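Remarks on the overall topology
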Amino acid sequence: MILVNTNNIPGREITEVIGLVRGSTIQSKHIGKDIVASLKTIVGGEINEYTKMLEQARKIAIKRMVDDAQSQRADAIVNIRFATSAIMQGAAELLVYGTAVKIK
């Protein structure tokens, strides 16, 4: 599966647009890690606990999007975008979406 955030794939021709595909996940951190992250905001620097959580969330969401595209027999996904939103205190949704296509 080819994944790109552009409208086309260099050297390939899009022969069919299948449609929108997406994947999402809602993640929250353990209360202990939230406390560590809160303390980190006082002294500054990268909040590794959240960096790791977002990386894991991206992997899960991308896999779900690819699974959606594969179920529709797509060869690639173009114009991929990410979005996040707060669901509740301490929990966020990560959404990835794109256009599933057939290529040759």
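Above this text sits the structure in question.
Now for a description of the structure that goes with this document. What you see is a predicted model; the values in this text were computed from it and never measured.

Another aspect to go through is the pairing of strand β4 (residues 91–103). One ladder, built from 13 bridges, connects strand β2 (residues 14–28) with β4; its direction is antiparallel. When the sheet's bridge partners are listed, leucine 20 is paired in β4 with threonine 99. Of the pairings in the sheet, the one linking strand β3 (residues 76–88) to β4 comprises 10 bridges and is antiparallel in character. Note that in β4 the partner of arginine 81 across the bridge is tyrosine 97.

In this section: the pairing of β3. In this sheet, β3 lies alongside strand β1 (residues 2–3) in parallel orientation, the contact comprising two bridges. From the neighbouring strand, leucine 3 faces β3, where its bridge partner is isoleucine 77.

Bringing the sheet that holds β3 into the picture now. Sheet strands associate in pairs through backbone hydrogen bonding, adopting either a parallel or an antiparallel arrangement. With mixed pairing, the four strands of this open sheet are ordered in space as β1-β3-β4-β2. Where the open sheet ends on each side, the last strands, each with one partner, are β1 and β2.

Turning our eyes to something else, we now look at the environment of isoleucine 62. Positionally, isoleucine 62 belongs in helix α2 (residues 48–71). Residue class for isoleucine 62 comes out partly exposed when judged on its relative accessible area of 27%. Along the primary structure isoleucine 62 and tyrosine 97 are separated by 35 residues, whereas in three dimensions their C-alpha atoms are 8.4 Å apart. Apart from residues no more than four positions distant in its own chain, isoleucine 62 is found in contact with Leu3, Phe82 and Val96.

Another aspect to go through is empty space enclosed by the protein. All told, the structure shown has one cavity of 30 Å³ or more when counted by the stated rule. If you go around the largest cavity, the residues you meet are Thr25, Gln27, Met53, Leu54, Ala57, Ala92, Glu93 and Leu94. Within the residue set of the lining of the largest cavity, elements represented by two or more residues are β2, α2 and β4. Looking at the lining of the largest cavity residue by residue, the classes come out as five nonpolar, two polar and one charged.

Calculation notes
- Residues numbered from 1 in each chain as written.
- Predicted model: local features only at pLDDT ≥ 70, side-chain atom pairs only at ≥ 80, totals over all residues.
- Heavy atoms only, no water.
- Pairing = 2+ DSSP bridges.
- Helix = DSSP H or I, 4+ residues; strand = E, 2+ residues; numbered from the N terminus.
- Buried < 20%, exposed > 50% of the residue type's maximum accessible area, 1.4 Å probe, protein only.
- Contact = heavy atoms within 4.5 Å.
- 1 Å grid on protein atoms, 1.4 Å probe; cavity = no way out; pocket = protein on both sides within 12 Å on 5 of 7 lines; lining within 4 Å.
- Points joined across faces, edges and corners; volume = space filled by probe spheres on them.
- Nonpolar A, V, L, I, M, F, W, Y, C, P; charged D, E, K, R; others polar.

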